[in-house]
Each structure stands twice: as C-alpha cells, then as structure tokens.
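The lines below spell out each chain.
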Amino acid sequence: MRFRMSIAVASVVAAVVAALPGSASAAPERHPAPGAWEPAPQAPFEMPAGARCEFAVRVEPIVDEVRKLTIETYPDGTPKRELFTGALINRVTNLETGATSTADASGTALVVYRTDGSMTWYVTGPVLLGFRENAGTLPKGLWIVDGRFRVEFSRTYDKTITMLHGTTHNVCTDVD
C-alpha cells in the first residue's frame, strides 16, 4: 500500500502548521532536512503487569506503513515540527493468557517539539496511547483515542488530552 496524503488532510495540516506558535532550541533526536518523507516504524514493546494493564502486555505492529515528514527544524537540524501518517495496526497480547486483539492506530499527527523536551500532538484519527497511573487525563491503560484532539506531553510523558470530538477505548479490556 502506497502513501498518499489527501487534499483535505494536506489543507488541515497546512492550516494547523500556520496557526502554531513558534518555539526555539533543540529536541534530542536528529532527523533529515524538511521535505523528505521517510519510514517511521514502531518497535514492538512489552510492559510488565500493572504498568498499563493489570497483566503483562506486548504490543507489536502487524501493519506498519507510517511515514514522517519533517516540516521544520531548529538551526542545529533537530525537528521542530513533523507530520506522521499511514496505516498502523498493532496486535496487543496479554502475556499471561495469550489473548490477543488488534488496535488500529492509523491516525495523522502533527508533532511540535518544544525546547524543554515536552511536545504536542495535533491528531486526526486513531492513535494508541499508554497511560501510567495518575499520569494524565485518562486512567491507567492502553487507549485508542480516535477523532480530532490535541495531546500535550510533559517532559516525563504525562499526557493531557483535549478532545474536539471523538472517542476513547481501553484496549486492555479487549484482552483481559
């Protein structure tokens, strides 16, 4: 499956980029110069019991066609704004029982990196977000958040979601 950004998505992204306030300094990871789409694969990961779900869980991509576009960089070449989009379907496995479920996280996000290590995602569509106990606006879990929303990440990855409209679903309940 090849990536194609629709005119509607492109116009939404252009409007969001134009409305964003500027920021300065460097983010920790280096990326290519603005204008080059590149793969942005998600690595599989495991979480111990109690970290996100009440049981140990593994999340692994079974479809991963996510691409990123660096829109703007800081003077040292680190990303300031990046766009992520593409198909991402994850298999979520309860490592204690073997129960599995799939989670569609194929949303589009404009990510704005701040100088203090925090970041903001402006999202359309579903993404999979993990929440620790008392570390954000949703309870502990692995959440599919779908719709139009903003996610503020603190330097410690606490998450604050501001929904324009959409839904949330804790994937832990699918494999419990």
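Residues numbered from 1 in each chain as written. Predicted model: local features only at pLDDT ≥ 70, side-chain atom pairs only at ≥ 80, totals over all residues. Heavy atoms only, no water.

Some words on the confidence of the model for the protein
- With 81% of its residues at a pLDDT of 70 or more, the protein has an overall mean of 86.
- Under a pLDDT of 50 for its full length, residues 1–31 has, in the predicted model, 47 contacts with residues more than four places off or in other chains. (pLDDT = per-residue confidence, 0-100. Contact = heavy atoms within 4.5 Å.)

Section: the sheet that holds strand 6 (residues 88–94)
- Taking strand neighbours across the sheet as the criterion, the 4 strands line up as 2-3-6-7 in an open arrangement whose pairing is antiparallel. Each of the sheet's edge strands pairs with one partner strand only, and the pair in question is strand 2 (45–47) and strand 7 (100–104). Averaged over all pairs of adjacent strands, the angle between their axes in this sheet comes to 25 degrees, without regard to strand direction.
- Bridge analysis of strand 3 (residues 57–64) against strand 6 gives 7 bridges, and the strand direction is antiparallel. Among the inter-strand pairings, Glu 60 is bridged to a residue of strand 6, identified as Arg 91. (Pairing = 2+ DSSP bridges. Helix = DSSP H or I, 4+ residues; strand = E, 2+ residues; numbered from the N terminus. Axes fitted to C-alpha atoms, helices over the stretch in contact; angles between N-to-C directions.)

A look at the state of the cysteines
- In this structure the tally under the stated criterion is 1 disulfide.
- A sulfur-sulfur separation of 1.9 Å characterises the disulfide bridge that pairs Cys 53 with Cys 172. On the sign convention where negative means left-handed, the S-S torsion of about -75 degrees between Cys 53 and Cys 172 marks this disulfide as left-handed. Remark: Cys 172 occurs in the segment after strand 12 (159–170) and Cys 53 occurs in the loop between strand 2 and strand 3; sequence separation between them is 119 residues. (Disulfide = S-S within 2.5 Å.)

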